[in-house]
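For reference, the chains in residue letters:
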Amino acid sequence: MRKKISNLLMTIFLSGCGATVNNIGSVHDKNISGSSKHMLVVNNLSNDNLSKQGEFISEDLKNKLNSCNVLAYTYNPNGFSLNPNADINSIISDYKIDRVISLTNRNITVNQNHAVLSQVVVAKVYDMALKKNIWMSEYQYNTSEWHFGGIWARHDVKAAQITTKSIMAGLENDGVIGKCQ
């Protein structure tokens, strides 16, 4: 009986710690040819809620792209800049960027500790040669109100990794990037 209670308590404990990410819609140009070699990740994720999750998502996405033989760079227009468009154009030119992935979010819910409880993350890919968007996908992120001891409050690295794993799967499945090992 003691073991059953212990297992039940552990299940309850762990269930409050997890985040889920579901793809709620995706569309891509059926004529995509070739995978990207150089990508710029533009982090337009809101930081109004005092969370650093947007930075974690963009950095983790850059790292995952790099591990898939796509040279990736990040730019955060929420930082200090007098002309973010000129900054982005300079990066595109200097690093021979062939595709730009823009990350935005909406429907953000936070708790009193500024932890993100839910949001929709929108990822769009713009092809520089074609001069048009070639891919777009939306992901619904949800997590529990309760976080054990505030471990994940504000800096939910694990949630960012789950989000970028979903984005990478979409990029691979729709042929925006090659298959990762």
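Note that the structure is a prediction, hence the values are computed from the model and not measured.

## Quick look at the state of the cysteines
Phase 1 of the analysis: This model, assessed by the stated rule, comprises one disulfide.
Phase 2 of the analysis: Disulfide pairing places cysteine 68 opposite cysteine 180 at an S-S distance of 1.7 Å. Taking the sign of the S-S torsion, 120° for the link of cysteine 68 and cysteine 180, the bridge is right-handed. One end of the pair, cysteine 68, is in the loop between α2 (53–67) and β3 (71–75); the other, cysteine 180, is in the segment after α4 (157–173), with 112 residues separating them in the sequence.
Phase 3 of the analysis: For cysteine 180, a relative accessible area of 21% gives the class partly exposed.

## A look at the pattern of salt bridges
Phase 1 of the analysis: Summed over all chains, the structure comprises five salt bridges.
Phase 2 of the analysis: For aspartate 29, the salt bridge identified is with lysine 132, shortest N-O distance 2.7 Å. You can see aspartate 29 sitting in the loop between β1 (19–28) and β2 (38–43) and its partner lysine 132 sitting in strand β6 (residues 132–143), a full 103 residues away along the chain.
Phase 3 of the analysis: Residue glutamate 138 is joined to arginine 106 by a salt bridge in which the shortest nitrogen-to-oxygen separation is 2.6 Å. Taken together, the positions of glutamate 138 in strand β6 and arginine 106 in strand β4 (residues 99–110) put the pair 32 residues apart, joining distant regions of the chain.

## With respect to helix α3 (residues 84–94)
Phase 1 of the analysis: If you check which residues of α3 are buried, you get Ile88, Ile91 and Ile92. Projection of α3 onto a plane perpendicular to its axis shows the buried side chains occupying an angular sector of 100°, all on one side. In α3, the exposed residues that point more than 90 degrees away from the buried face are Asn89, Ser93 and Asp94.
Phase 2 of the analysis: Residues of α3 that are buried make contact with β2, β3 and β4.
Phase 3 of the analysis: Following α3 by one or two positions, lysine 96 adopts a phi angle in the positive range, close to 50°.

Thresholds, definitions, all that
Residues numbered from 1 in each chain as written. Predicted model: local features only at pLDDT ≥ 70, side-chain atom pairs only at ≥ 80, totals over all residues. Heavy atoms only, no water. Disulfide = S-S within 2.5 Å. Helix = DSSP H or I, 4+ residues; strand = E, 2+ residues; numbered from the N terminus. Buried < 20%, exposed > 50% of the residue type's maximum accessible area, 1.4 Å probe, protein only. Salt bridge = Lys/Arg side-chain N within 4 Å of Asp/Glu carboxyl O. Arc of directions from axis to C-beta. Contact = heavy atoms within 4.5 Å.

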